[in-house]
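# An overview of the molecular structure
Here is what each chain is made of, one letter per residue.
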Amino acid sequence: MTRKYKFNLKDIKLEDFKIYLFSLLKAFIPKKKIKNIKDLTEFIQKKSSWVSQVTLYGYLKTRMGTKYVLMFDDEIFLTSINKAKWNIYSIALQDLIFYCLSYLYVFHGHDETSKANNIYEEILNAEITNGMPQEVILKGKEKFKERLEKINWKNYYNSWPFNESALALYEWSPIAQELKNLDRKIVLNSMILKWENVQKEFIKLINF
């Protein structure tokens, strides 16, 4: 016999309602202009976090279907999600930092490229209090340094700037490899599409 559940307002927690309400209101709140490095750092942190989590959880939900919610009772699975989240985020930050600074350099004549490492380290250090694992931070800094030594600021913004984070989503998503092989193109495109929205928003908000 199939059990039917009735929707009851009492089942909604106040905190959940606040989050839902705020998400609706955000659409009508004017976006903050990016006027300096502090604003840029804040933009990079928020958008990188958003893209990382939306794409990861979106992929998991699509793959697992109705089992998606139940899997959050599995501690081993939750640990895997948390590990994936931080690793994807660490690369997403790199991509967006490089993109923003490259775009500013080419189209606005602002050479802030020397501040790339400072922006990355500032965000990572702030994330320590949010539980970002030290091993992810150290690995992220090492990879950032390697990429920084090879980057061409004149063309980074239009040379697949978010490819690394898309590959990180594919690599770290806690899904069986045989299934990921089937989903590879979809997974990569899902993140690229999210980044396109961020790019458009960034271009509109620049006010250096």
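A few points on the structure. (Residues numbered from 1 in each chain as written. Predicted model: local features only at pLDDT ≥ 70, side-chain atom pairs only at ≥ 80, totals over all residues. Heavy atoms only, no water.)

### Considering the pattern of salt bridges
So the rule is basically this: Here, a salt bridge means any Lys or Arg side-chain nitrogen found within 4 Å of an Asp or Glu carboxyl oxygen. By definition, any uninterrupted DSSP run of H or I lasting at least four residues is a helix, any uninterrupted run of E lasting at least two residues is a strand, and each is numbered from the N terminus. Using a 1.4 Å probe on the protein chains alone, a residue whose accessible area is under 20% of its type maximum counts as buried, one over 50% counts as exposed, and one in between counts as partly exposed.
Applying the stated criterion across every chain, the model contains 8 salt bridges. Put simply, Glu42 and Lys32 hold a salt bridge, and the shortest N to O gap is 3.4 Å. Of this pair, Glu42 sits in helix H2 (residues 37–64) while Lys32 is found in the loop between helix H1 (14–25) and H2, placing the two residues 10 residues apart along the sequence. Classification of Glu42 as partly exposed rests on a relative accessible area of 30%.

### Structural notes on the packing of aromatic side chains
Where we set the bar: In this analysis, rings of Phe, Tyr and Trp, with Trp reduced to its six-membered ring, are considered paired at centre separations within 6.5 Å, and the interplanar angle assigns stacked below 30 degrees, edge-to-face beyond 60, and tilted for intermediate values. Charge-over-ring placement is defined geometrically: NZ (Lys) or CZ (Arg) within 6 Å of the ring centre, and within 35 degrees of the ring normal.
On inspection of all chains with the given rule, the structure shows 14 aromatic pairs. Taking the centre distance of 5.8 Å and the plane angle of 40 degrees together, the rings of Phe43 and Phe202 count as tilted. In this pair, Phe43 sits in helix H2 while Phe202 sits in helix H7 (residues 177–205), placing the two residues 159 residues apart along the sequence. Neither residue differs from the other here; Phe43 and Phe202 are each classed as buried. Positioned over the ring face of Tyr170 is Lys180, at 5.5 Å from the centre of the ring. Here the basic side chain of Arg184 rests over the ring of Tyr170, its NZ or CZ set 5.3 Å away from the ring centre.

### A closer look at the nonpolar core
Quick reminder of the rule: Throughout this description, the term nonpolar core refers to a set of buried Ala, Val, Leu, Ile, Met, Phe, Trp, Tyr and Cys residues connected via side-chain atoms within 4.5 Å. Only heavy atoms matter for contacts: two residues are in contact if any of them lie within 4.5 Å across the pair.
Leu40, Ile44, Leu96, Tyr99 and Phe202 are the most contacted members of the largest nonpolar core, which has 53 residues in total. Of all the secondary-structure elements, those providing two or more residues to this core are H2, helix H3 (75–107), helix H4 (116–127), helix H5 (134–150), helix H6 (163–172) and H7. The leading source of residues in this core is H3, at 17 residues. Sequence-distant contacts of Tyr99, defined by excluding residues within four places in its chain, comprise Tyr156, Tyr157, Pro161, Phe162, Gln199, Phe202 and Ile203.

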